[in-house]
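# Coordinate inspection notes
Next come the chains, spelled out residue by residue.
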Amino acid sequence: MEKFSNTEINNAGENYRGFVEGQIDKEIIQNYRNFRCLSLKKINAEIAENLSKSDCIVSCRVKRFETIIRKMRRMSKTNLTQIDDIIGFRIIANTPSEQKKIVDILTNKIKIKKVKNYIEAPRESGYQAIHLIADDVIDFENKKYFYSYEIQLRTHFQNIWGTISESFGEQAKEGNGSKEVKAYLQELSTRISEYEKNNINLKQINIKNEILKLNHAIIIYDKLTGFIVNMFNYFQNIDNATRDYIYLENSNSEDLSKEIVLLSVPTNIGALKITHLRYFNFKGIPPIPQEIKPDLKIPFG
């Protein structure tokens with residue numbers, strides 16, 4: 001694997017931010033993203049080992065190219081190598097109390113440099129979760145490279161909110177969207193918050209935490225039809241997965257209806273149906289439990 005310098009990587013990001021990008025800039029950014037995947041197995045093993053007795057499911061996603069560029073343009077003063085979630089882990093807990101226990105475990109066992117608590121202080125959009133920013137050190141050709149990665153902790157109900165907000169488009173989760181969308185997401189967020197405050201130990205979903213080898217899959221999702229077009233299972237072969245991820249991204253770059261995503265789980269690949277609900281429910285809308293269902297009609301479809 002060719003390793004570009006941080007200066008080259010950040011310059012490529014700046015070119016995209018300023019809308020003056022060239023083909024080499026895309027290659028550099030995709031190469032950097034692949035380089036970051038070298039630490040997936042190590043990080044997953046560390047997280048999985050520490051949470052082996054917790055009621056949760058761990059998954060990982062590699063940030064899609066277009067969302068990297070969108071974030072670069074939104075964060076006008078951040079270098080590409082400073083973005084925390086190029087690789088991001090998602091942990092789904094079955095209760096709010098378990099979510100808190102997991103935070104306590106990870107902050108004591110892993111080098112966490114920042115905690116963002118969006119439960120105590122939800123985003124304006126209504127988004128709730130706890131994000132941990134952790135150190136990532138990659139040993140490559142006798143050199144050490146220092147980056148950050150993100151661990152996103154959600155309850156099942158918080159994950160339902162995040163999934164539905166994404167079905168309205170990336171902008172909805174960021175607090176944009178129509179008046180109807182904003183009102184619906186706010187009411188759903190309030191229902192979840194009130195329910196979880198009063199039911200901190202009540203299971204929202206039955207989770208079996210099996211720690212196996214890290215399995216990788218690429219999903220091709222059609223945003224117009226709301227269905228998975230194809231799903232490729234690479235088992236433990238991350239090299240083939242990242243190679244094909246770039247190929248599929250590039251070959252579908254003109255088709256804005258397609259979403260290509262690389263996901264990983266340290267268990268059966270079927271666990272993605274819990275951690276990444278969007279791809280396994282029609283139009284990205286999972287069933288909403290009666291306990292948190294808003295009175296407002298969902299403004300979708």
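Everything that follows concerns the structure shown earlier in this document.
Let's shift gears to the side chain of asparagine 44. Looking at the secondary structure, you find asparagine 44 in helix H3 (residues 40-50). Ignoring sequence-local partners within four residues, the contact set of asparagine 44 consists of Val58, Phe89, Leu214 and Pro266.

With respect to topology, 8 strands assemble into an open sheet ordered E3-E4-E5-E2-E1-E8-E6-E7, the strand pairing being mixed. Of all strands in the sheet, those with a lone pairing partner are strand E3 (112-117) and strand E7 (227-235), marking the two edges. This sheet shows a mean twist of 25 degrees between the axes of neighbouring strands, independent of strand direction. As paired elements, strand E1 (residues 56-62) and strand E2 (residues 87-93) share 7 bridges and run antiparallel to each other. Its bridge partner being in E2, valine 62 is matched across the sheet by isoleucine 87. Contacts from helix H5 (residues 96-109) reach E1, E2, E3, strand E4 (130-140) and strand E5 (143-155) within the one sheet, and its direction differs from that of E5 by about 165 degrees. Of the strands in this sheet, E1, strand E6 (215-222), E7 and strand E8 (258-265) are in contact with helix H9 (residues 238-251), which crosses E8 at around 170 degrees.

For the rest of this paragraph, the subject is the pairing of E4. The buried count for E4 comes to 8 of 11 residues, which makes it a mostly enclosed element. Sheet topology note: the E3/E4 ladder contains 5 bridges and is antiparallel. Pairing of isoleucine 112 across the sheet is with alanine 134, part of E4. The pairing of E4 with E5 spans 11 bridges and is antiparallel. Paired with valine 137 across the bridge in E5 is phenylalanine 146. As consecutive antiparallel partners, E4 and E5 are separated by 2 residues, and within that stretch glutamate 141 has a phi angle of approximately 50 degrees, a positive value.

Mapped onto the elements, phenylalanine 35 comes out in helix H2 (residues 23-36). Placed 13 residues apart in sequence, phenylalanine 35 and glycine 22 show a C-alpha to C-alpha distance of 20 Å.

Turning to the layout of surface pockets, a few remarks are in order. Space inside the second largest pocket adds up to approximately 420 Å³. Among the elements of the structure, H2, helix H4 (65-74) and E8 are those that each provide at least two residues to the lining of the second largest pocket. Of the residues in the lining of the second largest pocket, the class split is 4 nonpolar, 4 polar and 9 charged.

Taken as a whole and assessed by the stated rule, the structure comprises 11 aromatic pairs. Taking the centre distance of 5.2 Å and the plane angle of 85 degrees together, the rings of phenylalanine 35 and phenylalanine 140 count as edge-to-face. Of this pair, phenylalanine 35 sits in helix H2 while phenylalanine 140 sits in strand E4, and the two are 105 residues apart along the sequence. This pair shows no difference in class: phenylalanine 35 is buried, exactly as phenylalanine 140 is. The interplanar angle of 65 degrees and the centroid separation of 5.9 Å between the aromatic rings of phenylalanine 89 and tyrosine 149 together place this pair among those described as edge-to-face. Here phenylalanine 89 is found in strand E2, whereas its partner tyrosine 149 is found in strand E5, with 60 residues between them in sequence. For the pair formed by phenylalanine 89 and tyrosine 149, the shared burial category is buried. Each residue in the set Tyr32, Phe35, Phe140, Tyr145 and Tyr147 is aromatic and connected to the rest through ring pairs, giving one cluster. The ring of phenylalanine 35 carries the charged tip of lysine 3 above its face, separated from the ring centre by 5.1 Å.

With that settled, consider the nonpolar core. Core analysis: the largest hydrophobic core is formed by 33 residues, its most contacted members being Ile47, Phe89, Ile91, Tyr149 and Ile151. Those residues within four positions of isoleucine 91 in sequence are excluded, and the remaining contacts are Ile47, Leu51, Cys56, Ile57, Val58, Ile102, Leu106, Ile151, Gln152, Leu153 and Arg154. Among the nonpolar cores identified, the runner-up in size contains 19 residues, and Ile28, Leu80, Ile86 and Tyr145 belong to it.

The description of two packed helices rests on the angle between their axes and on the distance between the axes. Two elements in contact, helix H1 (residues 6-17) and H4, have axes separated by 9 Å at closest approach and are oriented at 75 degrees. Considering their axes alone, H1 and H4 lie roughly perpendicular with respect to each other. Two secondary-structure elements touch here, H1 through Gly13, Glu14, Tyr16 and Arg17 and H4 through Phe65, Ile69, Met72 and Arg73. A breakdown of the residues in the contact of H1 with H4 according to their chemical character gives 4 nonpolar, 1 polar and 3 charged.

Rules used in this analysis
Residues numbered from 1 in each chain as written. Predicted model: local features only at pLDDT ≥ 70, side-chain atom pairs only at ≥ 80, totals over all residues. Heavy atoms only, no water. Helix = DSSP H or I, 4+ residues; strand = E, 2+ residues; numbered from the N terminus. Contact = heavy atoms within 4.5 Å. Pairing = 2+ DSSP bridges. Axes fitted to C-alpha atoms, helices over the stretch in contact; angles between N-to-C directions. Buried < 20%, exposed > 50% of the residue type's maximum accessible area, 1.4 Å probe, protein only. 1 Å grid on protein atoms, 1.4 Å probe; cavity = no way out; pocket = protein on both sides within 12 Å on 5 of 7 lines; lining within 4 Å. Points joined across faces, edges and corners; volume = space filled by probe spheres on them. Nonpolar A, V, L, I, M, F, W, Y, C, P; charged D, E, K, R; others polar. Phe/Tyr/Trp six-rings, centres within 6.5 Å; stacked < 30°, edge-to-face > 60°. Lys NZ or Arg CZ within 6 Å of the ring centre and 35° of its normal. Core = buried A, V, L, I, M, F, W, Y, C linked by side-chain atoms within 4.5 Å. Parallel < 35°, antiparallel > 145°, perpendicular 65-115°, else oblique.

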